[in-house]
Amino acid sequence: MDARIECVLNGWEFRKMIASKVYNNPVSFRTSDGDKGIYHTPKFTASIDTALTLVPEGLRGSVSFGAEICSAQLSDQITGMHVGAYQTCAATPALALCAAALKARQQQNAHG
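Residues numbered from 1 in each chain as written. Predicted model: local features only at pLDDT ≥ 70, side-chain atom pairs only at ≥ 80, totals over all residues. Heavy atoms only, no water.

Observations regarding the overall build of the chain
Counting its regular elements, the chain contains three helices and six strands. Counting helices and strands in the order they occur from the N terminus, the chain gives α-β-β-β-α-β-β-β-α. Sorting the 112 residues of the chain into buried and exposed places 34% on the buried side. If you take every contact in the chain between residues at least 6 apart in sequence, the share linking residues at least 24 apart comes to 33%. Total accessible area computed for the chain in this model is approximately 7000 Å², and 51% of it derives from carbon and sulfur atoms. (Helix = DSSP H or I, 4+ residues; strand = E, 2+ residues; numbered from the N terminus. Buried < 20%, exposed > 50% of the residue type's maximum accessible area, 1.4 Å probe, protein only. Contact = heavy atoms within 4.5 Å. Areas by Shrake-Rupley, 256 points an atom, 1.4 Å probe, with all protein chains shown as cover.)

As C-alpha cells, then:
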C-alpha cells in the first residue's frame, strides 16, 4: 500500500514491488515521461510521523486511540476548526491518519 501511495503522490505508474536486501520497501515505477526507476518507499501506513507528511499544507492531523479502533481528524492549522470530511477510523493510528490525509488531498485536487 505504501508503494502505491508514493506512486500516486508523484504521478508515477506503479509497476511492481521488488525483493531487495539493499532498499527498504522498494518499488519499481514509471514516470509520465516514460522514465523508469526504483525508489524506496516511506512507510506511511506504519508510522504516524511518516503519515503526517501526507497531511496537506494548511491542515494539521490528530489521532485518538481506542480499545479497538483508532481515529484521525484534520483541522485548519490557523483556526483549529475540525474539517469533518477528513475524519476517519482504522485499525491503527497511522492508517487512520493516512486515510484522512489522502481524502483531503483528493478533495483539494478535485477542486483545483
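Once the structure has been displayed, the description carries forward.
A word on the environment of methionine 17
When you line up the elements, methionine 17 lands in strand S1 (residues 13-17). Residues methionine 17 and alanine 3, spaced 14 residues apart in sequence, show a C-alpha to C-alpha distance of 7.7 Å.

Some details on the pairing of strand S5 (residues 70-76)
Of all seven residues in S5, six are buried; the element is thus mostly enclosed. Examined bridge by bridge, strand S4 (residues 59-65) and S5 share seven bridges and lie antiparallel to one another. Its bridge partner lying in S5, phenylalanine 65 is registered against cysteine 70. Taking the residues between adjacent antiparallel strands as the criterion, S4 and S5 are bridged by four residues. (Pairing = 2+ DSSP bridges.)

Some details on the environment of proline 93
Among the secondary structure elements, proline 93 is positioned in helix H3 (residues 93-110). On the basis of relative accessible area, proline 93 is assigned to the buried category, the value being 12%. Non-local contacts of proline 93, meaning those with residues more than four positions away in its chain, are made with Ile48, Val63, Phe65 and Cys70.

Concerning a nonpolar patch on the surface
The grouping of Ile48, Leu52 and Phe65 at the surface amounts to a nonpolar patch, some 270 Å² of accessible area in total. Exposure remark for phenylalanine 65: the relative accessible area of 60% places this residue in the exposed category. (Patch = residues over 30% accessible without salt bridge, like charges linked within 9 Å, V, L, I, M, F, W, Y side chains within 5 Å. Salt bridge = Lys/Arg side-chain N within 4 Å of Asp/Glu carboxyl O.)

Section: the confidence of the model for the chain
The predicted model of the chain averages 83 in pLDDT, with 88% of residues at 70 or higher. By mean pLDDT, the top-scoring element of the chain is helix H2 (residues 48-52) (94), and the lowest-scoring one is strand S2 (residues 26-30) (70). (pLDDT = per-residue confidence, 0-100.)

Side note on the nonpolar core
The biggest cluster of nonpolar side chains holds 16 residues, and the ones touching the most others in it are Leu54, Val55, Leu59, Leu74 and Leu97. Residue assignment for this core shows that the elements contributing at least two residues are S5, strand S6 (82-90) and H3. With six residues, the top contributor of residues to this core is H3. Aside from chain neighbours lying at most four places away, what touches leucine 59 is Leu74, Ser75, Asp76, Gln77, Val83, Tyr86, Ala104 and Gln108. (Core = buried A, V, L, I, M, F, W, Y, C linked by side-chain atoms within 4.5 Å.)

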